[in-house]
Amino acid sequence: MTDSPSATSPEPAASREQPAAEPDRYVLPLVVRIERTDPPARTDALQTAARAVLALLSDPRTVEETGAWHTRVRRWEDRQIRKVVRRARGAEWRRTEALDGLTVTGERAEVRVFPPVPLDGWPKELARLQVSGTDLAETGPLPAPDTGTPVLWLNPGLEMSAGKAMAQAGHGAQLAWWRLDPAARAAWREAGFPLAVRPAHDTAHWHDLTTGGLPVVQDAGFTEIAPGETVAVEGGSRWAPLPREARQ
């Protein structure tokens, strides 16, 4: 990955989500609400997770140097941007709401994001939640993304659980955030972080996306899939005009 954050953010030393040599590694927890009788659609959950990551990155508690989350987020970015998605329902979900964090809603999806925690130091309310069981289905055909909306394109050759794909969508949104200047970030946030997550049309489309200078997530291969490219980020012209380097 050749992406760097703007001058307003320190450049992460391991933006490929690579394991760090330091013992104090951090992970970003996300929890998706999956009730037995009313689970969200898969893409709704993916898009909501991506927006949740952006909400945390843009929150004053992260941005301001005196913010409660600032130091932890910077340490996390400096070492790796690993994210883990767990699921909750009922009383489990209500317990997560008592912890310091943010809840972001989609069409029906609810995702709560928390400031980074040490890899071996999860709060007990989150540590007891399951990682497995986040397989979600679509409720119908996906519409084409609105014109000008940033799109996080998924590698069409990979099969991932919804939880894994949510983490990858979060990585892609974070790369987009790093590419933008402060004015573009403010405009995107003011608009509510509009974005879409879609599978690339085919292998030719995926090749075009990953060879045109766009931000591309390179997964480290910790879970489910082998190391490699998972998400390509194509910015919209209105809220997040990401540059295309050497794009023809």
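Located above this text is the structure these notes cover.
Quick caveat, the model's predicted, so the values are computed rather than measured. (Residues numbered from 1 in each chain as written. Predicted model: local features only at pLDDT ≥ 70, side-chain atom pairs only at ≥ 80, totals over all residues. Heavy atoms only, no water.)

A. Region of interest: the overall build of the protein chain. Within the protein chain, the secondary structure is distributed over eight helices and nine strands. Taken over 248 residues, the protein chain has a buried fraction of 54%. Taking as baseline every contact in the protein chain between residues at least 6 positions apart, the subset at least 24 positions apart corresponds to 79%. On the protein chain, roughly 11300 Å² of surface is accessible, and the fraction owed to carbon and sulfur atoms is 48%. (Helix = DSSP H or I, 4+ residues; strand = E, 2+ residues; numbered from the N terminus. Buried < 20%, exposed > 50% of the residue type's maximum accessible area, 1.4 Å probe, protein only. Contact = heavy atoms within 4.5 Å. Areas by Shrake-Rupley, 256 points an atom, 1.4 Å probe, with all protein chains shown as cover.)

B. Quick look at the environment of glutamine 174. On the secondary structure map, glutamine 174 appears in helix H6 (residues 162-179). Residue classification places glutamine 174 among the buried residues on the basis of a relative accessible area of 0%. Taking the C-alpha atoms as reference points, glutamine 174 and arginine 51, 123 residues apart in sequence, are found 9.5 Å from one another.

C. Structural view of unusual backbone geometry. Unusually for a residue other than glycine, phenylalanine 193 sits at a positive phi of about 55 degrees. The topology assignment puts phenylalanine 193 in the loop between helix H7 (182-190) and strand S7 (196-199). Phi is positive for glutamate 224, which is not a glycine, with a value near 70 degrees. As for its placement among the helices and strands, glutamate 224 is situated in the loop between strand S8 (216-219) and strand S9 (228-234).

D. Representation of the pattern of salt bridges in the model. For the structure shown, the criterion picks out seven salt bridges. Linking arginine 33 and glutamate 35 is a salt bridge whose minimum nitrogen-to-oxygen distance equals 2.9 Å. We classify arginine 33 as partly exposed; its relative accessible area is 26%. Since its relative accessible area comes to 22%, glutamate 35 is described here as partly exposed. Linking arginine 61 and aspartate 100 is a salt bridge whose minimum nitrogen-to-oxygen distance equals 3.5 Å. Of this pair, arginine 61 sits in helix H2 (residues 60-63) while aspartate 100 is found in the loop between helix H4 (90-97) and strand S3 (102-105), placing the two residues 39 residues apart along the sequence. Accessibility expressed as a relative area gives 27% for arginine 61, which makes it partly exposed. (Salt bridge = Lys/Arg side-chain N within 4 Å of Asp/Glu carboxyl O.)

E. Fine view of the sheet that holds S9. The mixed open sheet is built from four strands, whose spatial order is S7-S6-S9-S8. At either end of the open sheet lies a strand with only one pairing partner, and these are S7 and S8. Strand-to-strand twist in this sheet, taken as the mean axis angle between neighbours without regard to direction, amounts to 25 degrees. Alignment of S8 against S9, held across four bridges, turns out to be antiparallel. Bridge pairing links aspartate 219 to glycine 228 in S9. Along the sheet, helix H1 (residues 42-58) contacts strand S6 (151-154) and S7; its crossing angle with S7, the most-contacted strand, is approximately 130 degrees. (Pairing = 2+ DSSP bridges. Axes fitted to C-alpha atoms, helices over the stretch in contact; angles between N-to-C directions.)

F. Examining the environment of arginine 36 more closely. On the secondary structure map, arginine 36 appears in the loop between strand S1 (26-33) and H1. Sequence separation of arginine 36 and arginine 89 is 53 residues, and the distance between their C-alpha atoms is 7.8 Å.

G. Inspection of the packing of aromatic side chains at higher detail. Per the counting criterion, the structure on display carries two aromatic pairs. Relative to phenylalanine 193, the ring of tryptophan 177 has its centre 5.8 Å away and its plane inclined at 75 degrees; by these criteria the two rings are edge-to-face. Taken together, the residues tryptophan 177 in helix H6 and phenylalanine 193 in the loop between H7 and S7 connect sequence positions 16 residues apart. This pair shows no difference in class: tryptophan 177 is buried, exactly as phenylalanine 193 is. Ring plane angle 85 degrees and centroid distance 5.6 Å describe the contact between tryptophan 188 and phenylalanine 193, whose orientation is recorded as edge-to-face. Taking relative accessible area as the criterion, tryptophan 188 reaches 1% and is therefore assigned buried. One aromatic cluster is present, formed by Trp177, Trp188 and Phe193 through successive ring pairs. Stacked on the ring of tryptophan 122, the Lys or Arg arginine 86 has its end atom at 4.3 Å from the ring centre. (Phe/Tyr/Trp six-rings, centres within 6.5 Å; stacked < 30°, edge-to-face > 60°. Lys NZ or Arg CZ within 6 Å of the ring centre and 35° of its normal.)

That's the geometry; what it means functionally is another story.
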